[in-house]
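# Structural description and commentary
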Amino acid sequence: MATVIHRRNKCIGCNYCVEIAPEFWRMSRKDGKAVLLGADDKRGNWVLKISDAEIDINRRAADACPVKVIDVRE
Ligand code: SF4
């Protein structure tokens, strides 16, 4: 198991995470920022538990994020 953390308030809405991992990420039509699907809001940090098999794709999204607001923690 691992955890994906999205510091959403600092997201610039570039769409890279959605392009890389659309099964986990969507763009919000309301504010133009990314949404980590199924995540819980922990005081502004959106947190999602993922399986080991889902780590790589989320790491790729994190690496692509130009403002580094995605963390994958094992
Ligand atoms: S890659 Fe980063 S900045 Fe771009 S939409 Fe995703 S979370 Fe936001």
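To keep things clear, this report deals only with the structure shown in the data block.

## Some words on unusual backbone geometry
Positive phi is not limited to glycine here, since Asn-15 has a value of about 85 degrees. Mapped onto the secondary structure, Asn-15 falls in the loop between β1 (2-7) and α1 (16-20).

## Topic: the site of the ligand
Close to the ligand lie 13 residues; Cys-11, Cys-14, Cys-17, Ala-34 and Cys-65 are nearest. Grouping the amino acids of the shell around the ligand by side-chain chemistry returns 11 nonpolar, 2 polar and no charged.

## So, the sheet that holds strand β4 (residues 40-42)
With respect to topology, 4 strands assemble into an open sheet ordered β4-β5-β1-β6, the strand pairing being antiparallel. Single-partner strands in this sheet number two, and they are β4 and β6 (70-73). Averaged over all adjacent pairs, the angle separating strand axes in this sheet is 30 degrees, with direction ignored. Relative to strand β5 (residues 45-50), β4 runs antiparallel, the two being bridged by 3 bridges. Within β5, the position partnered with Asp-41 by the bridge is Trp-46. Set on the sheet, helix α2 (residues 55-64) makes contact with β1, β5 and β6; between it and β6 the angle comes to about 150 degrees.

Quick notes on the rules
- Residues numbered from 1 in each chain as written.
- Predicted model: local features only at pLDDT ≥ 70, side-chain atom pairs only at ≥ 80, totals over all residues.
- Helix = DSSP H or I, 4+ residues; strand = E, 2+ residues; numbered from the N terminus.
- Near = placed C-beta within 6 Å.
- Nonpolar A, V, L, I, M, F, W, Y, C, P; charged D, E, K, R; others polar.
- Pairing = 2+ DSSP bridges.
- Axes fitted to C-alpha atoms, helices over the stretch in contact; angles between N-to-C directions.
- Contact = placed C-beta atoms within 7 Å.

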